[in-house]
Amino acid sequence: MYDVDDNTISITRGDSAAFSVIIESDDGSVTAITDTDDVEFIMKNGNETLLKRKVNSSTLYLMPSDTSGLPYGSYTYDLVLNGVPAIKDAKIIIENEVTF
């Protein structure tokens, strides 16, 4: 399971997810992402890079293996558009798995 609220991503550890990526400027205008743009998601724990993933066609895909080995808790991520940070140090929360 996953949720996005004001750039904060919450995802259950080991789950897959597909997020639509929308980049807004400070004035609220939306930057259109085209096929020629290079968009990268970078997940970090402090200064340590944990994951780099390319965004394809404005969609970020996370696979179960991307989070399955991480301890529960809060991390940060950046979204980089053509080499320039568009979102910097946003929060991603890895949550407990649901068991029955």
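In the block above lies the structure referred to throughout.
The paragraphs below set out a description of the structure included in this document.

Criteria and cut-off values
Residues numbered from 1 in each chain as written. Predicted model: local features only at pLDDT ≥ 70, side-chain atom pairs only at ≥ 80, totals over all residues. Heavy atoms only, no water. Phe/Tyr/Trp six-rings, centres within 6.5 Å; stacked < 30°, edge-to-face > 60°. Helix = DSSP H or I, 4+ residues; strand = E, 2+ residues; numbered from the N terminus. Pairing = 2+ DSSP bridges. Axes fitted to C-alpha atoms, helices over the stretch in contact; angles between N-to-C directions. Salt bridge = Lys/Arg side-chain N within 4 Å of Asp/Glu carboxyl O. Buried < 20%, exposed > 50% of the residue type's maximum accessible area, 1.4 Å probe, protein only. Core = buried A, V, L, I, M, F, W, Y, C linked by side-chain atoms within 4.5 Å. Contact = heavy atoms within 4.5 Å.

### Describing the packing of aromatic side chains
Okay, step 1: A complete count under the given rule lists 2 aromatic pairs for this structure.
Okay, step 2: Here Tyr 2 and Phe 19 contribute two aromatic rings whose centre-to-centre distance is 4.8 Å and whose plane-to-plane angle is 70 degrees, an arrangement assigned as edge-to-face. Placement of Tyr 2 in strand S1 (residues 2-5) and of Phe 19 in strand S3 (residues 17-20) is noted, with a sequence separation of 17 residues between them.

### Side note on the sheet that holds S1
Okay, step 1: An order of S1-S2-S10-S9-S6-S7 is seen for the 6 strands of this open sheet, with the pairing classed as mixed. Looking at strand neighbours, the two that pair on one side only are S1 and strand S7 (48-54), the edges of this open sheet. On average, each strand axis in the sheet is inclined to that of its neighbour by 25 degrees, with strand direction left out of account.
Okay, step 2: Pairing analysis gives 8 bridges linking strand S9 (residues 73-81) to strand S10 (residues 84-95), with the strands arranged antiparallel. The partner of Tyr 77 across the bridge, within S10, is Ala 90.

### Looking at the pattern of salt bridges
Okay, step 1: Under the defined criterion, the tally for this structure stands at 6 salt bridges.
Okay, step 2: For Glu 97, the salt bridge is made with Arg 13, and the minimal N-O distance between the two is 3.0 Å. Here the residue Glu 97 occupies a position in the segment after S10, and Arg 13 occupies one in the loop between strand S2 (8-12) and S3, the gap between them amounting to 84 residues.
Okay, step 3: For Arg 53, the salt bridge identified is with Asp 66, shortest N-O distance 2.5 Å. Of this pair, Arg 53 sits in strand S7 while Asp 66 sits in helix H1 (residues 64-67), placing them 13 residues apart in sequence.
Okay, step 4: Overall, the relative accessible area of 24% leaves Arg 53 in the partly exposed class.

### Notes on the nonpolar core
Okay, step 1: In terms of nonpolar packing, the biggest core is built from 23 residues, with Phe 41, Met 43, Tyr 77, Leu 79 and Ile 92 touching the most fellow members.
Okay, step 2: Every element with two or more residues in this core is listed here: S2, S3, strand S6 (39-45), strand S8 (59-62), S9 and S10.
Okay, step 3: Apart from the residues within four sequence positions on either side, Phe 41 is in contact with Ile 9, Leu 51, Lys 52, Arg 53, Val 55, Leu 60, Leu 62, Tyr 77, Asp 78, Leu 79 and Ile 92.

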